[in-house]
Amino acid sequence: MGQETLLTIRNMRKSFDGTEVLKDISLTVKRGEVLSVIGPSGSGKSTLLRCATLLERMDGGTLIYHGDVAATDESGAMVYASKKDLKMIRRRFGLVFQNFNLFPHYSVMKNITEPPMLTEGISKEEAYRRAEDLLGRLGLTDKKDAYPGSLSGGQQQRVSIARALAMQPDILFFDEPTSALDPELTAEVLKVIRRLASEHMTMIIVTHEMQFAREVSDRIIFMEQGGIQAEGTPEELFSSENARLREFMGKFTA
Amino acid sequence: MLKQLGNGMAVSVGIFLLTLLFSLPLGLLVAFGRMSRNRIVSSLTKIYISIMRGTPLMLQLIVVYFAPYYVFGVSIGGYRFPAIIIAFSVNYAAYFAEIYRGGIESMPKGQYEAAEVLGYSRAQTFFRIILPQVIKTVLPSITNETITLVKDTSLSFVLAQAEMFTIAKQIAAKEASIGPLMVAGIFYYVFNFIVAFVMERFEKKLDYYR
Ligand SMILES: Nc1ncnc2c1ncn2[C@@H]1O[C@H](COP(=O)(O)OP(=O)(O)O)[C@@H](O)[C@H]1O
Ligand SMILES: [Mg+2]
């Protein structure tokens, strides 16, 4: 655990059809840090993750992964790194989706082994070693030959976490990883994320699980209407006097 | 008589197989054209598809066969069979293209996004993630078209191609009997029975997931 900065976002802006969805977002994430992003639906949390993971082009600002500039605006125009550089930069992060997005025609094993074999060029043996290790740690060893469609939502989400981890990313993003799950299944996924936090995996987690965010995060960001309304340690945020934040939290802790 | 019909049957099967061989991949290409972001390409393919689907296949056969002579003033020896294959392939490619397009457009965006974040190239995403799933979803529609194709091969009679139906008609006229046509009917039925069986096997094979 160093003080190395893995991710820097400066003045990120994004509009859809003239409506500003992200207004001047700035944040940094250091190695080993767990950052949670909370906020009402429509506040731009997913858009922030999508811009950070290069799924969406930002309209302004700077995005830097571990010193490598992925995108920046020069005199008003966005400039993205070359295709080749972006390919390298993509290997730095992983993304876990709300609805898993596993490949249904692949077995669990192939879901986890194919991506690093294709994009990192590691051997099949190495890919299987990684996958078996991850499946063991996530309690999915007996599911390695199953197809995603035959698994519960919680199992699918754990597989998708394993798939992301097999790429050995520096940072893992989660976009509401438990929102599609029943309470019992939510618990099993949160347990996995807690464990990753205890192993000092660097993570940015968009979540509505307030109690979980409080326990697991080093820092929490509260977003509203495309901007960061409040930011701080869990203690700071949960005792904040910010009226909007209190109102938002009230809905979840009731 | 059965020997003649047998020869005709071989020709019909040949038309069927060659048409599938060319139109299935060609249809994918047409589907790409139809979904192209290039306006000109997508408009042209759209017009092509609408003509292929909006005019009789019988007419298309005649046009393809006679066009070299009437338009370019050249007559090509032995062009009859190739003309039939071209007309069928180009026509069926249009139908297959629309089926593929429906299948491709029905794929959830999340599949593309997951692949993108994992570092798959566009080609890897299409051929490894999207296409295999599309094939599974469109297979029933492909089966339907394939069964229609078996029956459509009989349209080759307009170019007097000696396939099953043409021969059956000739023999029936010569012998003033409906027998040969009945035999032809049985042949098409059995042919389609086999096609349906084979396609069902394919569908079963793809049933391993979801
Ligand atoms: N692709 C898009 N096109 C147009 N509007 C979008 C798109 N994606 C998100 N939005 C809009 O941007 C706003 C923020 O959305 P989102 O980032 O999904 O919020 P959150 O994840 O916090 O619920 C919403 O008003 C949403 O309707
Ligand atoms: Mg969201």
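The structure we're discussing is the one just above.
Read on for a plain summary of the structure. Since we're looking at a predicted model, the values are computed, not measured. (Residues numbered from 1 in each chain as written. Chains lettered and ligands numbered in written order. Predicted model: local features only at pLDDT ≥ 70, side-chain atom pairs only at ≥ 80, totals over all residues. Heavy atoms only, no water.)

## Points about the interface of chain A and chain B
- Taken residue by residue, the interface counts 21 residues in chain A and 19 residues in chain B.
- Among the residues chain A hides against chain B, the three largest losses belong to Phe103(A), His105(A) and Leu118(A). Together they make up 29% of the total.
- The interface formed by chain A and chain B contains three salt bridges.
- Salt-bridge contacts for Arg90(A) lead to Glu116(B); the nearest nitrogen and oxygen are separated by 3.6 Å. (Contact = heavy atoms within 4.5 Å. Buried area = accessible area lost by both parts, 1.4 Å probe. Salt bridge = Lys/Arg side-chain N within 4 Å of Asp/Glu carboxyl O.)

## Things to note about the sheet that holds strand 2 (residues 19–30) of chain A
All names here are of chain A.
- Spatially, 2-1-4-5-6 is the arrangement adopted by the five strands of the open sheet, whose pairing is antiparallel. The open sheet is flanked by strand 2 and strand 6 (77–80), the only strands paired with a single partner. Taken pair by pair, the neighbouring strands of this sheet meet at an average axis angle of 15°, ignoring direction.
- Against the sheet, helix 1 (residues 45–52) touches strand 1 (5–16), strand 2 and strand 4 (60–65), its axis set at about 120° to strand 1.
- Seen against the sheet, helix 2 (residues 83–90) touches strand 4, strand 5 (68–74) and strand 6 and runs at an angle of roughly 125° to strand 5. (Pairing = 2+ DSSP bridges. Helix = DSSP H or I, 4+ residues; strand = E, 2+ residues; numbered from the N terminus. Axes fitted to C-alpha atoms, helices over the stretch in contact; angles between N-to-C directions.)

## Side note on the site of ligand 1
Residues and elements named next belong to chain A.
- Around ligand 1, the surrounding shell consists of Phe16, Val21, Pro40, Ser41, Gly42, Ser43, Gly44, Lys45, Ser46 and Thr47.
- For ligand 1, an oxygen atom lies 3.2 Å from a polar atom in the backbone of Ser43.
- A distance of 2.8 Å is found between an oxygen atom of ligand 1 and a side-chain nitrogen or oxygen belonging to Lys45.
- Considered on its own, ligand 1 offers 560 Å² of accessible surface; in the complex 58% of this is hidden by protein.
- Of all the elements, helix 1 adds the most residues to the shell around ligand 1, at three residues.
- Of the residues contributing to the shell around ligand 1, the split by class is three nonpolar, six polar and one charged. (Near = heavy atom within 4 Å. Polar contact = N/O pair within 3.5 Å; in protein donor to acceptor, adjacent residues only side chain to side chain. Areas by Shrake-Rupley, 256 points an atom, 1.4 Å probe, with all protein chains shown as cover. Nonpolar A, V, L, I, M, F, W, Y, C, P; charged D, E, K, R; others polar.)

## Considering a nonpolar patch on the surface
Residues and elements named next belong to chain B.
- Taken together, the side chains of Met58, Ile62, Phe66, Tyr69, Tyr70, Val71, Phe72, Val74 and Ile76 define a hydrophobic patch exposed on the protein surface, amounting to about 940 Å² of accessible area.
- Inspection of the secondary structure puts Met58 in helix 3 (residues 57–72).
- Judged by its relative accessible area of 31%, Met58 falls in the partly exposed class. (Patch = residues over 30% accessible without salt bridge, like charges linked within 9 Å, V, L, I, M, F, W, Y side chains within 5 Å. Buried < 20%, exposed > 50% of the residue type's maximum accessible area, 1.4 Å probe, protein only.)

## Topic: helix 4 (residues 124–137) of chain A
Residue and element names in this part refer to chain A.
- For helix 4, spanning 14 residues, the distance from its first C-alpha to its last is 20 Å, which sits close to the expected 20 Å at 1.5 Å a residue.
- Within helix 4 the residues assigned to the buried category are Ala127, Arg130, Ala131, Leu134 and Leu135. Seen along its axis, helix 4 keeps its buried residues to an arc of 130°; they face one direction. Exposed and facing more than 90 degrees away from the buried side of helix 4 are Glu125 and Arg129.
- At the exit of helix 4 stands Gly139, carrying a positive phi of roughly 70°. (Expected span 1.5 Å × (residues − 1). Arc of directions from axis to C-beta.)

## What to know about the packing of aromatic side chains
- Evaluated as defined, the whole model comprises 19 aromatic pairs over all chains.
- A centroid spacing of 4.8 Å and a plane angle of 70° characterise the contact between Tyr65(B) and Phe66(B), whose relative ring orientation is edge-to-face.
- Here Phe66(B) falls in the partly exposed class, since its relative accessible area comes to 35%.
- Members of the aromatic cluster, each reached through a chain of ring pairs, are Tyr65(B), Phe66(B), Tyr69(B), Tyr70(B) and Tyr79(B).
- Across from the ring centre of Phe103(A), 4.7 Å away, lies the NZ or CZ of Arg163(A), which sits over that ring.
- One residue, Lys136(B), lies across the ring of Tyr209(B), its end atom 4.6 Å from the ring centre. (Phe/Tyr/Trp six-rings, centres within 6.5 Å; stacked < 30°, edge-to-face > 60°. Lys NZ or Arg CZ within 6 Å of the ring centre and 35° of its normal.)

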